[in-house]
Amino acid sequence: QVQLVESGGGLVQPGGSLNISCVGSGSIFAVYGMAWHRRPPGKQRELVAAITSSGLTKYADSVKGRFAISRDHAKNTVYLQMNNLEPEDTAVYYCNADIVRTGGVGRVNYWGQGTQVTVSS
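These notes cover the structure that comes with them. Bear in mind that the values here come from a model prediction, so they are computed numbers and not experimental data.

## Some remarks on the pairing of strand S5 (residues 46-51)
Along any regular strand, the residues point their side chains to alternate faces of the sheet.
Turning to step 1, where the next piece is worked out: The pairing of strand S4 (residues 28-39) with S5 spans five bridges and is classified as antiparallel. Bridging across to S5, Met34 finds its partner in Ile51.
Turning to step 2, where the next piece is worked out: As paired elements, S5 and strand S6 (residues 57-59) share three bridges and run antiparallel to each other. Bridge pairing in S6 links Ala50 to Lys58.

## Comments concerning the pattern of salt bridges
Turning to step 1, where the next piece is worked out: For the structure shown, the criterion picks out five salt bridges.
Turning to step 2, where the next piece is worked out: Put simply, Arg38 and Asp89 hold a salt bridge, and the shortest N to O gap is 3.0 Å. Here Arg38 is found in strand S4, whereas its partner Asp89 is found in the loop between strand S8 (77-82) and strand S9 (91-101), with 51 residues between them in sequence. Each member of the pair, Arg38 together with Asp89, is buried.
Turning to step 3, where the next piece is worked out: We note a salt bridge from Asp89 to Arg66, for which the minimum N-O separation is 2.8 Å. With Asp89 in the loop between S8 and S9 and Arg66 in the loop between S6 and strand S7 (67-72), this pair connects stretches of sequence that are 23 residues apart. Here Asp89 matches Arg66 in class, with each residue buried.

## Comments concerning the sheet that holds S8
The strands making up a sheet are joined through hydrogen bonds of the backbone, oriented either antiparallel or parallel.
Turning to step 1, where the next piece is worked out: Reading across the sheet, the four strands line up as S1-S3-S8-S7 and stay open at both edges, with antiparallel pairing between neighbours. The sheet is open, and its two borders are formed by strand S1 (2-7) and S7, each paired with just one other strand. Sheet twist, expressed as the mean angle between neighbouring strand axes with direction ignored, is 15°.
Turning to step 2, where the next piece is worked out: Judged from the six bridges that link them, S7 and S8 form a sheet pairing that is antiparallel. Looking across to S8, one finds that Arg71 is bridged to Val78.

## A few points about the side chain of Ser21
Turning to step 1, where the next piece is worked out: Here Ser21 is to be found in strand S3 (residues 18-26).
Turning to step 2, where the next piece is worked out: On the accessibility criterion, Ser21 (14% relative accessible area) is buried.
Turning to step 3, where the next piece is worked out: With residues near it in sequence (within four places) discarded, Ser21 still touches Val5, Glu6, Ser7, Trp36, Thr77, Val78 and Tyr79.

The rules behind each value
- Once a new chain begins, its residue numbering starts again from 1 and follows that chain's sequence as written.
- The predicted origin of the model limits local features to residues at a pLDDT of at least 70 and limits the giving and counting of side-chain atom pairs to 80 or more, whereas totals for whole chains, interfaces and linings rest on all residues.
- For side-chain calculations, the full set of non-hydrogen atoms in the structure is used, while hydrogens and water are omitted.
- For two strands to pair, DSSP has to find at least two bridges joining them.
- Going along the chain from the N terminus, every DSSP run of H or I of four or more residues is numbered as a helix, and every run of E of two or more is numbered as a strand.
- Any Lys or Arg side-chain nitrogen located within 4 Å of an Asp or Glu carboxyl oxygen qualifies as a salt bridge.
- Here's how the labels work: a residue is buried when its accessible area is under 20% of the maximum for its type, exposed when over 50%, partly exposed in between, all with a 1.4 Å probe on protein chains only.
- Working convention: axes come from line fits to C-alpha atoms, limited for helices to the stretch in contact. Angles between N-to-C directions cover 0 to 180 degrees.
- Contact between two residues is taken to exist if any of their heavy atoms lie within 4.5 Å; hydrogens are not considered.

Limitation: the analysis is restricted to geometry and does not speak to function.
This is the structure we're talking about:
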């Protein structure tokens, strides 16, 4: 079994910062691309940021210059540092990753259960 578990969400005031993380566990042989998505209330899920296994990153236009994605290969963990948060950033944040299981063949895309981020005064 492979699991992705997010943590670090919560309530923050506009202009504040939050760092959320996602840890992969279980029978993991290798982790390739990792990403953060979010689903704002009443809206569709959207890509926020992604990072390749070699460290290349990309961001949604709405978060460029405010958010930073990073990863720790040894810990199978991806982070999202969110600065200068706005009420429009309120959403459930999900991580996903392309993972090869121990003894498995090929990459499988896994998703976490999500962590709530609320930006409000």
